[in-house]
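# Fold and contact review
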Amino acid sequence: MQEFEEFSTLLQRPVEEKNREFQRQGRLKHMISASQLSIPLLEKLCHSANVIRKMSREPKGNERLRKLLAHKRAMLYFTQPSTRTFLSFMAACQILGLTCNEVRDPKTSSEVKRESRMDSIRMFSSYFDVIIMRSQIADFAECCAYLMNDLEKQERRSVPIINAGVGSDEHPTQALLDMYTIIRTFDFDESSESRPSRLADLRRSYPNLASGPAHKTYAFVGDIGRGRTVRSLATVLAQYDGVKMFFISPDHEVLQLDDSLRQSLKKSGVVVEEFNSLETDYQGQSLLSQIDCLYMTRIQREHNSEQAEKEIAAIDLEPYRLTSDRVAQLKSYTPILHPFPRDSVIGEIPTEIDSDPRAMYFRQARNGMWARAALLVHLFDAADSLHLAYSEVMPA
Amino acid sequence: MQEFEEFSTLLQRPVEEKNREFQRQGRLKHMISASQLSIPLLEKLCHSANVIRKMSREPKGNERLRKLLAHKRAMLYFTQPSTRTFLSFMAACQILGLTCNEVRDPKTSSEVKRESRMDSIRMFSSYFDVIIMRSQIADFAECCAYLMNDLEKQERRSVPIINAGVGSDEHPTQALLDMYTIIRTFDFDESSESRPSRLADLRRSYPNLASGPAHKTYAFVGDIGRGRTVRSLATVLAQYDGVKMFFISPDHEVLQLDDSLRQSLKKSGVVVEEFNSLETDYQGQSLLSQIDCLYMTRIQREHNSEQAEKEIAAIDLEPYRLTSDRVAQLKSYTPILHPFPRDSVIGEIPTEIDSDPRAMYFRQARNGMWARAALLVHLFDAADSLHLAYSEVMPA
Amino acid sequence: MQEFEEFSTLLQRPVEEKNREFQRQGRLKHMISASQLSIPLLEKLCHSANVIRKMSREPKGNERLRKLLAHKRAMLYFTQPSTRTFLSFMAACQILGLTCNEVRDPKTSSEVKRESRMDSIRMFSSYFDVIIMRSQIADFAECCAYLMNDLEKQERRSVPIINAGVGSDEHPTQALLDMYTIIRTFDFDESSESRPSRLADLRRSYPNLASGPAHKTYAFVGDIGRGRTVRSLATVLAQYDGVKMFFISPDHEVLQLDDSLRQSLKKSGVVVEEFNSLETDYQGQSLLSQIDCLYMTRIQREHNSEQAEKEIAAIDLEPYRLTSDRVAQLKSYTPILHPFPRDSVIGEIPTEIDSDPRAMYFRQARNGMWARAALLVHLFDAADSLHLAYSEVMPA
């Protein structure tokens, strides 16, 4: 965008250099890219998310949570529609007592009056204490973070920016909630109250299954080529040791793993394998039986060009759909995830799977609320207050 | 709807059987149909509504009310537009401290992405604690209640569903607020603080006028055939003893009392009389002078077919409008109700009536707030906490 | 509007007579017109705004503020789009704990159902405690105030009305926030905590510069003829002694100072001078060097007729834009104001000016929040409670 010209040099720097500006003494100032989700940060955020989840169940904990950020006001600036991410952030704010405001119409009155995007953002930062934004405009959130950093240097008012899905590349809070779900699922710590008893039993049946996301096989199914979700999550998972990834998608360049992601995953030491069907063998055994965590996705229709739309419409999607038979081939502990919404016409996950104990996708959605609340607590430097409140009001 | 096919057997059962599933040990789990408003339940809800109304006037009461459900978050899912019902529910939630969230656009992003309606509802139930819904899709609220009951059986997260006007048949919370207005108006209990002194005086002038909704004549005027309001209210009133109902509408099959309602009222022991003008006699006396409670309605234009639209446009609506002369013929205590909005072009109630003490329609609208708040308290099983708070903070 | 016919006699009275009805014993009942902003009232409101601003910075002050009007619910009825004014009022309400509700769609469902505007307003007043309204319909807010006064006389429920920009003439809360910014900027009281130290230094360099808005030269640049902002602010400033005003606009009748405002300002004793360029001399010196306060405006495009649009498009707007050179000619203390949004295409204030210490327009926007909060406190008669809270929780 011409408007972001002044930031073009900043935008072209290596990701590590950029990420340093989005943090201050190890704590995030802005949440812009999934690459900021280091393993130590994930551990902190997941721990806070667990604390928030537990407190919200107790009347006293719930009440203390609602006071934690009651002095803050959030702006949800969602010019790209997204009911689910929007409501999840709203709920996260409300759990912590943050007051919510929203601008959702892509054509706000100010744009009609030819206000620049950066003036709109600075207006929001005048009235509110955090800007949570979703937009189709590439790099918009990142440029807002640079604007806020500039204001901070001038000792003017500056607020944190959260990328809630900007452009086509990044959806870092989706990666965060996916990781929270994976970490919770593979948390075999016997002392952890949050551990589902089903998994404790499993650990005994699978003595070689390690706790945590490392040393696992992840399968991503469906729309691999597009979908910032897969890209963001795979990048975060690649930080763990001994990770194997299966990518299962139709043979169409739009839907397949793109080369830049393939190379970057391999460089991180991930074993990458690609398939064009769920019903296939790998190293002499059924593929499905070798997956520790299954991540389903929807074939996105709204991003297609007319030509791609036609070609994709001609593809038989049956090999990328779950069925009861296929679920039966999975290990008894393999969580089934989906970033949602699922496509009720294509049916990549038919509703008969919903009652299977491995179906984790509704829980995953609810985890988004806790994970996003944890992120807000972190950005407002309120984690210590949170943990103090926990120790004060929760039974030991 | 094809989508609701799995519930078709459940939907076709008799109402009594269905209502049993919407309650638990005498308390509502979901508010789906006006037929759930039994006389004992109405009494409970009206008592709570009175308590809420009184508490909200006192600073301490007001403050306690705002804490009562502060730990709950509501979703107002209103895909059929309705400013009035929407705002009334918002206000009801706010009185009790419930945080409100809304989805109002009939084309949410998720539908664009081909998410099923039931997945959307389950998403809402992941983030929020009650779903208040209005929709043009018949049986939608009822099917949501079945989905929630299924989830409850699977020991998964389940939340109450409130029908705020779904399909063309049911608007149970409008019936609730109408009943609250009627019960308050005919509450002659001298000890009740809420009694308007005007009515106490009346009781002396009309020694035969019984307290309560029983043994009264109700007149419904205007659009009887359509309008879920008349249907819902008449059905609830039919539970009381000695009720007579006048239905006054143009001679057009779309606007007249339909036969199923006529039969069901008669079966309940209601004396049903039908007229085509307010200016008529009944049993040798002016009709207007024999009415205890007058319920005016708007001729609905937005539901008309083109043919019906033309025919109805040709009808002279003068006999279904109030005038000062007609109001003068009413008994001095007869409340004039209207579910609102009124039609400012047709003028079924001209504004000059507004200052008449019998004009109860604005108070009726405000009563909607208290009655809906009472319903929320009931659904969240907080009536005992409400009454305890009342006894603690209110002067004896 | 035909609908407002019943108020036509009231509307035509002199402004002083009308304003008397919008107040009660010296306190505003409704905020309808900038002409209600007397100097004593401005002083009160600015003092409260300062108190609110300071309290909001301290955790305890912030918490007390959120309790001040927590028992009140606001309706923001904005049928003319305005993101900035809307969000500023939202934030103002939230600072004081007021619950916000909004109706923004010009075609609400009730209008579809032919509800009169006055019935809609009365519905809002049934559920909410203040109505903040913006509309393109001339006199709408004023008529609502009359409706509320009528209801009050009938001892029925009545709520305050705030004009947030109605019709083309009045935007009183913009004038209020502009005045708050001017009063703060020219407040040289050494004991005042809010005084920016930069201005304290200035006072020493300009020993003749008086404290307060009196005896100053104000320049208004750009779209003088339209724009309720200039009209409202100039009218309020005209109350002060020794005020000189420069109006700098293109030679086009739509954009120039209109005669009624010119006459009324002169009648109030203001020295009025008109120019067609910022680069001009006045009394032998550069115009820019003689301005104490510079008020820039955007050429409004959305109000133009097709003919005016063409003519204005042909005008060279360069003489009405700020540049670094022009800013360098201003006195070192001259605040640059702009009601915002600014036009990013025309660029009446290019972004390179933003980091100049005289650029006050973002601070001005933020001041809107404090000034509007102060107005709400005043309308709800909570100024005493505010000042008591201040003395209790703030360090001396």
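Residues numbered from 1 in each chain as written. Chains lettered and ligands numbered in written order. Predicted model: local features only at pLDDT ≥ 70, side-chain atom pairs only at ≥ 80, totals over all residues.

## Considering the overall build of chain A
- A count of helices and strands for chain A gives 16 helices and 13 strands.
- Since a compact globule built from 396 residues should have a radius of gyration of about 21 Å, the 21 Å found for chain A is in line with a globular shape.
- Dimensions along the principal axes, computed over C-alpha positions, put chain A at roughly 65 × 60 × 35 Å.
- Within chain A, contacts between residues at least 6 apart in sequence are counted, and of these 80% link residues at least 24 apart. (Helix = DSSP H or I, 4+ residues; strand = E, 2+ residues; numbered from the N terminus. Rg over C-alpha atoms; globule rule 2.2 N^0.38 Å. Contact = placed C-beta atoms within 7 Å.)

## With respect to the interface of chain C and chain A
- Each partner contributes residues to the interface: chain C has 25 residues there, and chain A has 21 residues.
- Going through the elements one at a time, α4 (59-68), α5 (83-95) and α15 (361-379) of chain C are the ones with two or more residues in the side of chain C that touches chain A.
- Here the side of chain C that touches chain A gets 7 residues from one element, more than from any other, and that element is α5 of chain C.
- Grouping the constituent residues of the side of chain C that touches chain A by class yields 10 nonpolar, 7 polar and 8 charged. (Nonpolar A, V, L, I, M, F, W, Y, C, P; charged D, E, K, R; others polar.)

## Looking at the interface of chain B and chain A
- Contacts between the two partners involve 21 residues from chain B and, on the opposite side, 25 residues from chain A.
- Counting residues per element, the ones that place at least two in the side of chain B that touches chain A are β4 (99-103), α6 (109-112) and α7 (117-127) of chain B.
- By residue number, the principal contributor to the side of chain B that touches chain A is α7 of chain B, which donates 5 residues.
- Classifying every residue of the side of chain B that touches chain A gives 6 nonpolar, 9 polar and 6 charged.

## Digging into the relation of the copies chain B and chain A
- Least-squares fitting of chain B to chain A yields an RMSD of 0.0 Å, with the transformation described by 0.0 Å of translation along the axis and a rotation of 120°. The operation mapping one copy onto its partner corresponds to a three-fold rotation axis. Among all residues of chain B, the minimum C-alpha distance to the rotation axis is found for Thr99 of chain B, at 5.7 Å. (Least-squares fit on C-alpha atoms with pLDDT ≥ 70 in both.)

## Concerning the nonpolar core
- Counting 343 residues, the largest nonpolar core has Ile131 of chain A, Ile131 of chain B together with Ile131 of chain C as its most contacted members.
- Ignoring anything within four residues of it in the chain, the contact list for Ile131 of chain B reads Met75, Tyr77, Ile121, Phe124, Ser125, Cys144, Val159 and Ile161 of chain B. (Core = buried A, V, L, I, M, F, W, Y, C linked by C-beta atoms within 7 Å. Buried ≥ 20, exposed ≤ 12 C-beta atoms within 10 Å, placed from the backbone.)

## Brief notes about the packing of helix α3 (residues 39-57) of chain A against helix α16 (residues 383-393) of chain A
Residues and elements named next belong to chain A.
- In contact at an axis separation of 10 Å, α3 and α16 are set at 40° when each is read in the N-to-C sense. With respect to their mutual orientation, α3 and α16 come out oblique. Of the two possible hands of crossing, α3 and α16 adopt the one that is left-handed. For the pair formed by α3 and α16, the contact residues are Ser48, Val51 and Met55 on the first element and Ala383, Leu386, His387 and Tyr390 on the second.
- Here the contact of α3 with α16 is built from residues that sort into 5 nonpolar, 2 polar and no charged. (Axes fitted to C-alpha atoms, helices over the stretch in contact; angles between N-to-C directions. Parallel < 35°, antiparallel > 145°, perpendicular 65-115°, else oblique. Left-handed = near helix turned anticlockwise from the far one by under 90°.)

## Notes on the pairing of strand β4 (residues 99-103) of chain A
- As defined by bridge partners, strand β3 (residues 73-78) of chain A adjoins β4 of chain A across 5 bridges and the pair is classed as parallel. Bridged to Leu76 of chain A within β4 of chain A is Glu102 of chain A. (Pairing = 2+ DSSP bridges.)

## Some words on α7 of chain B
- Of all the 11 residues making up α7 of chain B, 10 are buried; the element is thus mostly covered by neighbouring parts of the structure.
- Taken residue by residue, α7 of chain B has Arg117, Met118, Asp119, Ile121, Arg122, Met123, Phe124, Ser125, Ser126 and Tyr127 of chain B as its buried positions.
- Where the residues of α7 of chain B are buried, they touch α5 (83-95) and α15 (361-379) of chain A together with β3 (73-78), β5 (130-135) and α8 (140-153) of chain B.

## A few points about the sheet that holds strand β6 (residues 161-166) of chain B
Residue and element names in this part refer to chain B.
- Read from one edge to the other, the open sheet built from 4 strands follows the order β4-β3-β5-β6, with strand pairing classed as parallel. Sheet topology places β4 and β6 at the edges, where each strand pairs with a single neighbour. Strand-to-strand, the axes of this sheet are offset by a mean angle of 15°, without reference to chain direction.

## Looking at the environment of Ser126 of chain B
- Note that Ser126 of chain B resides in helix α7.
- Along the backbone, Ser126 of chain B and Leu294 of chain B are 168 residues apart, and their C-alpha atoms lie at a distance of 44 Å.

## Side note on the environment of Met394 of chain B
Residues and elements named next belong to chain B.
- Summarising the element assignment, Met394 is placed in the segment after α16 (383-393).
- Sequence separation of Met394 and Glu58 is 336 residues, and the distance between their C-alpha atoms is 7.9 Å.
- If we skip the residues at most four places from it in the chain, Met394 touches Lys54, Met55, Glu58 and Gly61.

## Quick word on the environment of Lys216 of chain C
All names here are of chain C.
- Among the structural elements, Lys216 can be located in the loop between α10 (197-205) and β7 (217-221).
- Through-space distance from the C-alpha of Lys216 to that of Pro335 is 12 Å; in sequence the pair is 119 residues apart.
- The contact partners of Lys216, leaving out residues within four places of it in the chain, are Val243, Asp292 and Cys293.

## Some words on the sheet that holds strand β13 (residues 336-337) of chain B
Residues and elements named next belong to chain B.
- Pairing in this open sheet of 5 strands is parallel, and the strands run β9-β8-β7-β12-β13 from one edge to the other. Whereas interior strands pair on both sides, the edge strands pair on one side only; in this sheet they are β9 (271-275) and β13.
- With 5 bridges joining them, strand β7 (residues 217-221) and strand β8 (residues 244-248) adopt parallel strand pairing. Looking across to β8, one finds that Ala219 is bridged to Phe246.

## A few points about unusual backbone geometry
All names here are of chain A.
- Each neighbour pair has its own omega, and for Phe340 with Pro341 the value is -5°, a cis peptide bond.
- One can find Pro341 in the loop between β13 (336-337) and α15.
- A positive phi angle, close to 45°, is found at Gln25, a residue other than glycine.
- Within the secondary structure layout, Gln25 lies in the loop between β1 (23-24) and β2 (27-28).
- A positive phi angle is found at Asp139, which is not glycine, with a value near 70°.
- On the secondary structure map, Asp139 appears in the loop between β5 (130-135) and α8 (140-153).

## A look at the pairing of strand β12 (residues 293-296) of chain B
All names here are of chain B.
- Of the two faces of β12, the one lined by Cys293 and Tyr295 and the one lined by Leu294 and Met296 are each fully buried.
- Across 4 bridges, the pairing between β7 and β12 is parallel. Note on β12: the bridge partner recorded for Phe220 is Tyr295.
- Both β12 and β13 contribute to a ladder of 2 bridges, which runs parallel. Paired with Leu294 across the two strands is Ile336, which belongs to β13.

## Observations concerning the domain arrangement of chain A
Residues and elements named next belong to chain A.
- We note that the domain assignment places domain 1 (2-171 + 368-393) and domain 2 (172-365) within chain A.
- For domain 1 and domain 2, the distance between their C-alpha centroids amounts to 27 Å.
- On the side of domain 2, 21 residues touch domain 1, which itself brings 26 residues to the contact.
- Those elements giving two or more residues to the side of domain 1 that touches domain 2 turn out to be α3, β6 (161-166) and α15. (Domains from an automatic or database assignment.)

## Brief notes about the confidence of the model for chain A
- When pLDDT is averaged along chain A, the result is 92, and 93% of the positions lie at 70 or above.
- Here the prediction assigns the complex a pTM of 0.95, and the interface score ipTM is 0.94. (pLDDT = per-residue confidence, 0-100.)

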